[in-house]
Amino acid sequence: MPIVSDSELNRRRHDILVGARRCFAEHGYEGATVRLLEEATGKSRGAIFHHFGDKESLFLALAREDAARQAEVVANNGLVEVMSEMLRHPERHDWLATRLEITSLLRTDPSFAARWKDHQSILDEAVRARLASNAEKGRLRKDVDIDTLVSYLETFMDGFINRLALGDTDNLDEVLKLVEHSIRGTSPRP
């Protein structure tokens, strides 16, 4: 049996993630059957699950990948910029519509909820660090604590993603500006 290089294994893993992202975007979490994942990735069930173990782990790998990328944007520009990016390029984030389904799993499957929370913690930590940095620079409202602002932004982002998933993007640019000003404690300019 030939030995497969690390770079080839990484390429195969990347190809699976790319195909799975498309499959979850098109069919949702529940609808993305193993057969559909095989078609979307061009890989066999054995190859997919060799790299990811099961469908849940594959899905969570996508969530972790997105959370890491979003955390990078948050560190430099804030969570509102992450949402602006989603608004400008919804095709890059269309698989996030599965979050509507995930809400049910988070409520009913404690194991999945714990794994999801673990994968999303990198984004939560980046948001908290960005807010703390802005507070130190005097660019954050002082009448609300950081934990409350983190919850506020996360709650808003959940609703924002739902709106994107429904294709209802009217006025969201202006709403994002309003959220930015509400975090900073400033008034939006007319």
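Note that residues are indexed from 1 along each chain, following the sequence as it is written. Per-residue local features of the predicted model are confined to residues with pLDDT of at least 70, and side-chain atom pairs are confined, for both listing and counting, to 80 or more; whole-chain, interface and lining totals are unaffected and use all residues. Side-chain metrics in this entry use all non-hydrogen atoms of the structure; hydrogen atoms and water are not considered.

**Student:** Any details on the side chain of serine 57? Residues and values, ideally.
**Tutor:** Residue placement: serine 57 occurs in helix α4 (residues 55-77). Any two residues having at least one pair of non-hydrogen atoms within 4.5 Å are treated as being in contact. Apart from the residues within four sequence positions on either side, serine 57 is in contact with Phe52 and Arg115. Where helices and strands are cited, they refer to DSSP runs of H or I of at least four residues and of E of at least two residues respectively, numbered from the N terminus.

**Student:** Any details on the environment of alanine 97? Residues and values, ideally.
**Tutor:** Its place among the elements puts alanine 97 in the loop between α5 (79-88) and α6 (99-108). The rule is simple: take the accessible area with a 1.4 Å probe, protein chains only, and divide by the maximum for that residue type; under 20% is buried, over 50% is exposed, in between is partly exposed. Under the relative-accessibility criterion, alanine 97 is labelled partly exposed at 28%. Residues alanine 97 and leucine 164, spaced 67 residues apart in sequence, show a C-alpha to C-alpha distance of 7.7 Å.

**Student:** Break down helix α8 (residues 146-165) for me, citing the residues and quoting the values.
**Tutor:** The length a helix should cover is 1.5 Å for every residue beyond the first. In a regular helix each residue adds 1.5 Å, so 20 residues correspond to 28 Å; α8 covers 28 Å between its end C-alpha atoms and thus fits that length. Listed as buried for α8 are Leu149, Val150, Leu153, Phe156, Met157, Phe160, Ile161 and Leu164. The buried residues of α8 all sit within an arc of 145° when viewed along its axis, so they share a single face. On its buried face, α8 is in contact with α4, α5, α6, α7 (110-136) and α9 (172-184). Arc definition: it is the arc formed by the directions from the helix axis to the C-beta atoms.

**Student:** Outline the environment of valine 34, listing residues and values.
**Tutor:** In this fold, valine 34 is placed in helix α2 (residues 34-41). With 14 residues separating them in the primary sequence, valine 34 and isoleucine 48 have C-alpha atoms 9.1 Å apart. Excluding residues that lie within four positions of it along the chain, valine 34 makes contacts with Arg45 and Phe49.

**Student:** Would you mind going over the packing of aromatic side chains in detail, with residue names and values included?
**Tutor:** We call Phe, Tyr and Trp rings a pair once their centres come within 6.5 Å, taking the six-membered ring for Trp, and we label the pair stacked below 30 degrees between planes, edge-to-face above 60, and tilted otherwise. Summed over the entire model, instances satisfying the criterion amount to eight aromatic pairs. Note on phenylalanine 24 and phenylalanine 59: the rings are 5.1 Å apart at their centroids and 85° apart in plane angle, and the pair reads as edge-to-face. Of the two residues, phenylalanine 24 sits in helix α1 (residues 6-31) while phenylalanine 59 sits in helix α4, which places them 35 residues apart along the sequence. There is no split in this pair, since phenylalanine 24 and phenylalanine 59 are both buried. Between phenylalanine 156 and phenylalanine 160 the ring centres are 6.1 Å apart and the planes differ by 35°, which places this aromatic pair in the tilted class.

**Student:** Go over α1, please, and point to the residues and values.
**Tutor:** When the terminal C-alpha atoms of α1 are compared, their 32 Å separation across 26 residues is substantially less than the 38 Å that a helix rising 1.5 Å per residue should span. Consider a residue and the seven residues that end there alongside the seven that start there; fitting an axis to each set, the bend is the angle between those axes. If you look at α1, its biggest bend is around 80°, right at alanine 25. Along α1, the residues that are buried comprise Ile16, Leu17, Gly19, Ala20, Arg21, Cys23, Phe24, Gly28 and Tyr29.

**Student:** So what's going on with the environment of aspartate 158? Residues and values would help.
**Tutor:** Note on placement: aspartate 158 falls in helix α8. Each C-alpha atom, one on aspartate 158 and one on arginine 139, is 24 Å from the other, the two residues being 19 residues apart in sequence.

**Student:** Describe the confidence of the model for the chain, listing the residues and the values that go with them.
**Tutor:** On a range of 0 to 100, pLDDT expresses the predictor's confidence in each residue. Averaged over every residue, the pLDDT of the chain is 90; residues scoring 70 or more account for 98%. Within the chain, the element-level pLDDT minimum falls on α6, averaging 82, and the maximum on α2, averaging 96.

**Student:** Lay out the pattern of salt bridges with the relevant residues and their values.
**Tutor:** Criterion for a salt bridge: a side-chain nitrogen of Lys or Arg within 4 Å of a carboxyl oxygen of Asp or Glu. A complete count under the given rule lists 15 salt bridges for this structure. Note that glutamate 39 is salt-bridged to arginine 35, the shortest N-O span being 2.7 Å. On the criterion of helical spacing, the pair formed by glutamate 39 and arginine 35 is a turn pair, its members being four residues apart in helix α2. On the accessibility criterion, arginine 35 (49% relative accessible area) is partly exposed. Here arginine 184 makes a salt bridge to glutamate 180, at a shortest N to O gap of 2.7 Å. Residue arginine 184 and its partner glutamate 180 are located together in helix α9, separated by four residues, close to a single helical turn. Within the structure, one salt-bridge network assembled from shared partners comprises Glu8, Arg11, Arg12 and Asp15.

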